[in-house]
Amino acid sequence: MESGTDTGTKREQILQHIQELKIGTRISVRAIAKELGVSEGTAYKAIKEAENAGLVSTKERIGTVRIDRKRREALDQLTFGEVAEIVEGHLFGGASGLEKTLHKFVIGAMELDAMLRYIDEGSLLIVGNRSSAHRRALEQGAGVLITGGFEPSDEVKLLADEKELPIIASRHDTFTVASMINRAMYDRLIKRKIMLIEDLMTFSKPADVMRADNTMADFQRLVRETGYSRFPVVDDRGRVIGMMTAKDAYGSPDTYTVDKLMTRHPITAAPNITVTSAAHTMAAEGIDLLPVVDRHRKLLGVITRQEVLDAMRFAGKQPESGETFEDLMWTGFIAGEDAEGVPNYRGVITPQMSGPLGMVSEGVLVTLMTQAGRRMIRDTGKRDFLVDAMTAYFVRPVPIDGEITIVPSAMELSRKSTKLEIEVLDANGLAAKAMMTAQMIDPY
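A quick note: this is a predicted structure, and the numbers were derived from the prediction, not measured. (Residues numbered from 1 in each chain as written. Predicted model: local features only at pLDDT ≥ 70, side-chain atom pairs only at ≥ 80, totals over all residues. Heavy atoms only, no water.)

A. The arrangement of the overall build of the protein in detail. The helix and strand tally for the protein stands at 17 helices and 22 strands. Taking all 444 residues of the protein together, 40% fall into the buried category. Put simply, of all contacts in the protein between residues at least 6 apart along the chain, 55% involve residues at least 24 apart. Surface summary for the protein: the accessible area is close to 24,100 Å², and the carbon and sulfur share equals 50%. (Helix = DSSP H or I, 4+ residues; strand = E, 2+ residues; numbered from the N terminus. Buried < 20%, exposed > 50% of the residue type's maximum accessible area, 1.4 Å probe, protein only. Contact = heavy atoms within 4.5 Å. Areas by Shrake-Rupley, 256 points an atom, 1.4 Å probe, with all protein chains shown as cover.)

B. Inspection of helix H14 (residues 275–285) at higher detail. Val275, Ala278, Ala279 and Met282 are the residues of H14 that are buried. Down the axis of H14, the smallest arc covering the buried residues is 100°, so these residues share one side. Two to three positions downstream of the cap, the backbone nitrogen of Ser277 sits 3.1 Å from a side-chain oxygen, assigning the N-cap of H14 to Thr274. One or two residues past the end of H14 sits Gly286, with phi positive at roughly 70°. (Arc of directions from axis to C-beta. Polar contact = N/O pair within 3.5 Å; in protein donor to acceptor, adjacent residues only side chain to side chain.)

C. Spotlight on helix H7 (residues 131–139). Residues of H7 that are buried include every one of Ala133, His134, Ala137 and Leu138, and no others. For H7, the angular spread of the buried residues around the axis is 130°, confining them to a single face. Looking at the buried residues of H7, the elements they touch are helix H6 (112–116), strand S8 (123–127), strand S9 (143–146), helix H8 (154–163) and strand S10 (167–169). Positive phi appears at Gly141, one or two residues downstream of H7, with a value of about 90°.

D. Layout of the pattern of salt bridges. Under the defined criterion, the tally for this structure stands at 10 salt bridges. Close ionic contact of Lys104 with Asp120 constitutes a salt bridge, the shortest N to O distance being 3.7 Å. One end of the pair, Lys104, is in strand S7 (residues 104–107); the other, Asp120, is in the loop between H6 and S8, and 16 residues separate them in sequence. Judged by its relative accessible area of 26%, Lys104 is partly exposed. We note a salt bridge from Glu423 to Lys433, for which the minimum N-O separation is 3.9 Å. Of this pair, Glu423 sits in strand S21 (residues 417–426) while Lys433 sits in strand S22 (residues 429–441), and the two are 10 residues apart along the sequence. (Salt bridge = Lys/Arg side-chain N within 4 Å of Asp/Glu carboxyl O.)

E. Layout of the sheet that holds strand S13 (residues 240–245). Taken in spatial order, the four strands line up as S11-S12-S13-S14 in an open sheet, and their pairing is mixed. Strand pairing shows two members of the sheet lacking a second neighbour, strand S11 (210–211) and strand S14 (263–264), which therefore form its edges. Strand direction decides the pairing type here: S11 and strand S12 (residues 230–234), joined by two bridges, are parallel. Within S12, the position partnered with Met210 by the bridge is Val233. (Pairing = 2+ DSSP bridges.)

F. Geometry of the sheet that holds S22. Strand order in the open sheet formed by six strands is S17-S18-S20-S21-S22-S19, and the pairing between neighbours is antiparallel. Each edge of the open sheet is held by one strand with a lone partner, namely strand S17 (334–337) and strand S19 (384–394). Along the sheet, successive strands turn relative to each other by an average axial angle of 25°, direction set aside. As judged from the four bridges shared by strand S18 (residues 343–348) and strand S20 (residues 403–413), these two strands associate in the antiparallel manner. If you follow Tyr345 over to S20, its bridge partner there is Ile406. (Axes fitted to C-alpha atoms, helices over the stretch in contact; angles between N-to-C directions.)

G. Quick peek at the environment of Met329. Looking at where Met329 falls in the secondary structure, it is placed in helix H16 (residues 325–330). On a C-alpha basis, the gap between Met329 and Val364 in space is 7.7 Å, while along the polypeptide they are 35 residues apart. Once residues lying within four places of it in the same chain are set aside, the contact partners of Met329 are Met353, Val364, Thr367 and Leu368.

H. Region of the structure containing the packing of aromatic side chains. In this structure the tally under the stated criterion is three aromatic pairs. An angle of 80° between the planes, with centres 5.9 Å apart, marks the rings of Phe219 and Phe231 as edge-to-face. With Phe219 in helix H11 (residues 216–226) and Phe231 in strand S12, the pair connects residues that are 12 residues apart, well separated along the chain. Here the two residues Phe219 and Phe231 agree in accessibility, since each one is buried. On the numbers, 4.8 Å between centres and 15° between planes, the contact of Trp330 with Phe333 is stacked. One aromatic cluster is present, formed by Trp330, Phe333 and Tyr345 through successive ring pairs. The residue whose ring lies beneath Lys260 is Tyr256, and the NZ or CZ to ring-centre distance is 5.8 Å. (Phe/Tyr/Trp six-rings, centres within 6.5 Å; stacked < 30°, edge-to-face > 60°. Lys NZ or Arg CZ within 6 Å of the ring centre and 35° of its normal.)

I. Broad picture of the nonpolar core. The biggest cluster of nonpolar side chains holds 26 residues, and the ones touching the most others in it are Leu368, Ile404 and Ile406. Counting residues per element, the ones that place at least two in this core are helix H17 (362–381), S20, S21 and S22. Of all the elements, H17 adds the most residues to this core, at seven residues. Leaving out residues up to four positions away in the same chain, Ile404 has contacts with Phe333, Tyr345, Arg346, Gly347, Ile349, Leu365, Leu368, Val398, Val424, Leu425 and Asp426. With 20 residues, the next largest nonpolar core counts Ala137, Leu138, Ala142 and Ile167 among its residues. (Core = buried A, V, L, I, M, F, W, Y, C linked by side-chain atoms within 4.5 Å.)

J. View of the pairing of S20. Strand direction decides the pairing type here: S20 and S21, joined by eight bridges, are antiparallel. From the neighbouring strand, Ser409 faces S21, where its bridge partner is Glu421. Connecting S20 to the next strand, S21, in antiparallel fashion are three residues.

K. Broad picture of the pairing of S12. The buried fraction of S12 is high, at four of five residues. Pairing geometry for S12 and S13, over five bridges, is antiparallel. Note on S13: the bridge partner recorded for Arg230 is Thr245. Counting the residues in the hairpin turn of S12 and S13 gives five residues, including Gly238, whose phi is positive at 80°.

So, in structure tokens, the structure goes:
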């Protein structure tokens, strides 16, 4: 049995080992345990620590993968320069430190000695016209944000340049500045839930490609070696010029070259598009493999439809980190059933949901009906969908503080699409109704 000290040391060794791996390397508990001679329990804990540190990710179907920490930190941390933009600030010194990231904020609403206990390297002091606090914060490695429109002294400006730490002034008061920064941080938490193609691509893994002068014999050999039947065709510069598929090759002699048979101007994707957008494109066009290219159409990698769907399922099971407007609207709604077992969702119309005339906003009602339909599909079929079209009818206004019941029912439901009828009922009966058609996403 491993002692606590031995376990801690071995976890540190595992973390060091993970840091030395190439970006895109697959990692598993069993493989780490076998390679480093540790228990699987110790390997599991170390991998979890690596995930928390941003060294690995489990977003892809292939399991845990070594990732680039910098890409992850870009959403987790703000730079001093970004803070300056958020608070509409003016820089008075320390311009060379604008790209540094900060790990915490300190509000300077206390005596100087007490304040200094919370200030350390990489923090940002938010304070008013207190020159001594400005100086001491810079000396301890912290940036300074002066509120209320005050300017720092010449001495503090010189010190900021010397320490390469920004000193920024904003015309807003401390409370407003803190609220603006908090809003920006909150938005970043929400963005972390939005998966992009680049989040699940392994850029270090070369894609299987073909050249224009390859023959059908080369195509058949690549099919046998990889198990796939769809490949990007690239030129000498690595730019995508076509797509070669089994359908294109069907019935052609082995001597035919790819350039005579390939599909030209194929559909491609940029690495910064959302996974949901890629899934919609692939489903609408009936393709199972999508080349990912840069702005010069140079091939960066490929993504399969299965990888996209697996990533969407993974994202849907992750804990919430930051609530969107849709999340906030749905707060308080409870799932239930009527006497006949038909699912419904009950909740109260809050004042924040009101429109200009004091009744519930029509846009809010449409959002609530869409949410109810989505939850019914998720609960009953473990699936999700992308809305194709929706027609809403507003029978009569719904007052605030009133309870409503949303009743979604499936008129048509197949593997590829669904048609839902959604009703909104209040104390007086039918208040709104919608007909929605949607494209189904494969089951979880």
